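# Structural overview
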Amino acid sequence: MEKQPQEVVLIGGGIMSATLSILLKKINPSVKISVFEKLETLGFESSEAFNNAGTGHSAFCELNYTPQAKDGSIDISKAINIAKQFEISKEFWSYLVENQYIPSPENFIRTTPHMSFVWGEEDVNFLKKRHQALSQHPLFATMQYAEDIETIRSWAPLIVANRKADQKIAATHMGLGTDVNFGQLTRFIFKSLVDKGEIELHTEHEVKDLTRLSNQKWAVKVEDLKQKQTRAVNADFVFIGAGGSAILLLQKSGIPESKLYGGFPVGGQWLICQNEAVIQQHQAKVYGKAKLGAPPMSVPHLDTRVINGKKSLLFGPFAVFSTKFLKHGSPLDLFKSVNMNNLGFLMNCGWNNMDLTKYLIEQVMLSKNKKVELLKDYYPEAKAEDWFEQTAGQRVQVIEKNGSKGVLKFGTEIVSSTDGSISALLGASPGASTSVYAMLNVLRKCFPELMKNEWKTAIKEMIPSLEETFDTEESVERSRNWTSATLKLNR
């Protein structure tokens, strides 16, 4: 029989560790949880508002979640799975509001319509088929589709103003979309956990090494960056949720699974509007189609954001290159991650993904004026003087060994040891939006028997619809009526 973890170390002070902290504490109240964050501020890397898209990724607008097959059919399976996972996230956040872990939901989540927008006959036909396929599912039943310019203007006037009259365009609209400040959510959760005395939280503490002891515990070597002192903290379970740096710490663990992975860093940059007259005319997240060879995180979108109470308008992200694995990381990160275990399949992956390499080079070479020209595809009247450039977050695209080859993995990967004593989260989008589902998967992989038995009731209390398929209108409405009321979202 599996033992309940008694000493747990979580590495990284982002949304993943915050989520896992509460899950573990509610299913095992006696557990001792220690969280270590390298920076002074929590949720300041991948979770921070300007470092991610802020989209409650629910597949309402993200066209890369619904690929088109060669026969023209649309595969909606990934979109449905991601939509289900976001509904689970909203239920968990609603539980946190009702149990005083989140004081004011309107400060981290807001109703913001999600739109997909395309032009040209081929892409219009694709979007129409996508809408027809998705709208048959209860999760997407309220999705609207339009090709006429006046309907689209009523949804997002900026994207059609001064557009060529003969251009064939189409858009979908989901009023249930959200804008989420994951950095603020992270800080809300951690503050409540500390105030309730449920975790030990240490900022400005960097994990330097991980060593497996003879008693099967892990010795986690931690440096207090302010006091310049190092100590070892023992744990029977370790979670590595350190964003891009998770891969470096996973390698330090020495577990066999760590030898199967490598990574390649991809940074992002936004164009941000500073003209209030323009900002107030747009109230939606408008996603388009990614260019050939572009990674999923580079899907272009024109977004309404509300960050720290201030409304902004962002376009991007544009890819930028850095050898850092974190925005506040080291230029040596990429080089430190390459070793004799992964060199071969990393080189193989690079050779077989020259289109991605070409795309990154093109993006790095873009001037601000060239970026504004790309923005004009979504906002024809855009003026360069209304926009400034700002660096977004840093992500690491996961590369997994498959025989002698390296396979580029898009999405979120959970890597765990065979005995379940250590687990790491790698990858990027949809990331934070599906953090609840991701952390439940960590627990399923590391503690399968406990999740099926002792922990099942407590999980169900936090997330009533966890085992729902959301394949009926009744199940969708029941969940959304509760979460919309609790999180103060529009229905």
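Here's what I pulled together on the structure shown here. Note that this is a predicted model, so its numbers are computed, not measured. (Residues numbered from 1 in each chain as written. Predicted model: local features only at pLDDT ≥ 70, side-chain atom pairs only at ≥ 80, totals over all residues. Heavy atoms only, no water.)

### What to know about helix α15 (residues 473-487)
Compared with the 21 Å implied by 1.5 Å per residue over 15 residues, the 21 Å span of α15 between its first and last C-alpha is a close match. Of the positions making up α15, those classed as buried are Ser475, Val476, Ser479, Arg480, Thr483, Ser484, Thr486 and Leu487. Seen end-on, α15 carries its buried residues on one side only, within an arc spanning 165°. Those residues of α15 that are exposed and aimed more than 90 degrees away from the buried face are Glu473, Glu474 and Ala485. (Helix = DSSP H or I, 4+ residues; strand = E, 2+ residues; numbered from the N terminus. Expected span 1.5 Å × (residues − 1). Buried < 20%, exposed > 50% of the residue type's maximum accessible area, 1.4 Å probe, protein only. Arc of directions from axis to C-beta.)

### Remarks on the nonpolar core
Side chains that are nonpolar tend, in soluble globular proteins, to be buried together. Membership of the largest hydrophobic core comes to 79 residues, with the highest contact counts inside it found for Phe92, Trp93, Leu96, Phe140, Phe239, Met439 and Leu443. Sort the elements by how many residues they give to this core and helix α2 (residues 77-98) lands first, with eleven residues. Contacts of phenylalanine 239, omitting those with residues within four sequence positions, involve Val9, Leu10, Ile11, Met16, Ser17, Leu20, Ser423, Leu425, Met439 and Val442. Among the nonpolar cores identified, the runner-up in size contains 28 residues, and Val9, Val207, Ile247 and Ala424 belong to it. (Core = buried A, V, L, I, M, F, W, Y, C linked by side-chain atoms within 4.5 Å. Contact = heavy atoms within 4.5 Å.)

### Describing the packing of helix α1 (residues 15-27) against helix α12 (residues 435-446)
Where α1 meets α12, the closest approach of the two axes is 9 Å, and the angle between their N-to-C directions is 55°. Classed by the angle they form, the pair α1 and α12 counts as oblique. The element α1 and its partner α12 pack so that their crossing is right-handed. In this structure, α1 contributes Ile15, Met16, Thr19, Leu20, Leu23, Leu24 and Ile27 to the contact, and α12 contributes Ser435, Val436, Ala438, Met439, Leu440 and Leu443. Looking at side-chain class alone, the contact of α1 with α12 contains eleven nonpolar, two polar and no charged residues. (Axes fitted to C-alpha atoms, helices over the stretch in contact; angles between N-to-C directions. Parallel < 35°, antiparallel > 145°, perpendicular 65-115°, else oblique. Left-handed = near helix turned anticlockwise from the far one by under 90°. Nonpolar A, V, L, I, M, F, W, Y, C, P; charged D, E, K, R; others polar.)

### Examining unusual backbone geometry
Cis geometry marks the peptide bond from glycine 316 to proline 317; its omega dihedral reads -5°. Within the secondary structure, proline 317 is located in strand β16 (residues 310-320). Although it is not a glycine, glutamate 204 sits at a positive phi angle of roughly 55°. Note on placement: glutamate 204 falls in the loop between β8 (200-203) and β9 (205-212). Notably, asparagine 308 is not glycine yet its phi reads approximately 55°, a positive angle. Relative to the assigned elements, asparagine 308 resides in the loop between β15 (301-307) and β16. Under the relative-accessibility criterion, asparagine 308 is labelled exposed at 66%.

### Describing the sheet that holds β9
As summarised here, the arrangement of the three strands in space is β9-β10-β11, forming an open sheet in which the pairing is antiparallel. The sheet is open, and its two edges are formed by β9 and β11 (229-235), each paired on a single side. Strand-to-strand twist across the sheet, computed as the mean angle between neighbouring axes with direction ignored, equals 25°. Strand direction decides the pairing type here: β9 and strand β10 (residues 218-224), joined by seven bridges, are antiparallel. Residue histidine 205 lies in a different strand from β10, and its bridge partner there is aspartate 224. Across the sheet, helix α6 (residues 246-253) lies against β9 and β10, angled at about 30° from β9, the strand it touches most. (Pairing = 2+ DSSP bridges.)

### Overview of a nonpolar patch on the surface
A contiguous nonpolar patch, built from Val338, Met340, Leu343 and Met347 and spanning about 420 Å² of accessible area, is present on the exposed surface. Tracing the backbone shows valine 338 in the loop between α8 (333-337) and α9 (343-352). Taking the relative accessible area as the measure of exposure, valine 338 reaches 32% and is therefore partly exposed. (Patch = residues over 30% accessible without salt bridge, like charges linked within 9 Å, V, L, I, M, F, W, Y side chains within 5 Å. Areas by Shrake-Rupley, 256 points an atom, 1.4 Å probe, with all protein chains shown as cover. Salt bridge = Lys/Arg side-chain N within 4 Å of Asp/Glu carboxyl O.)

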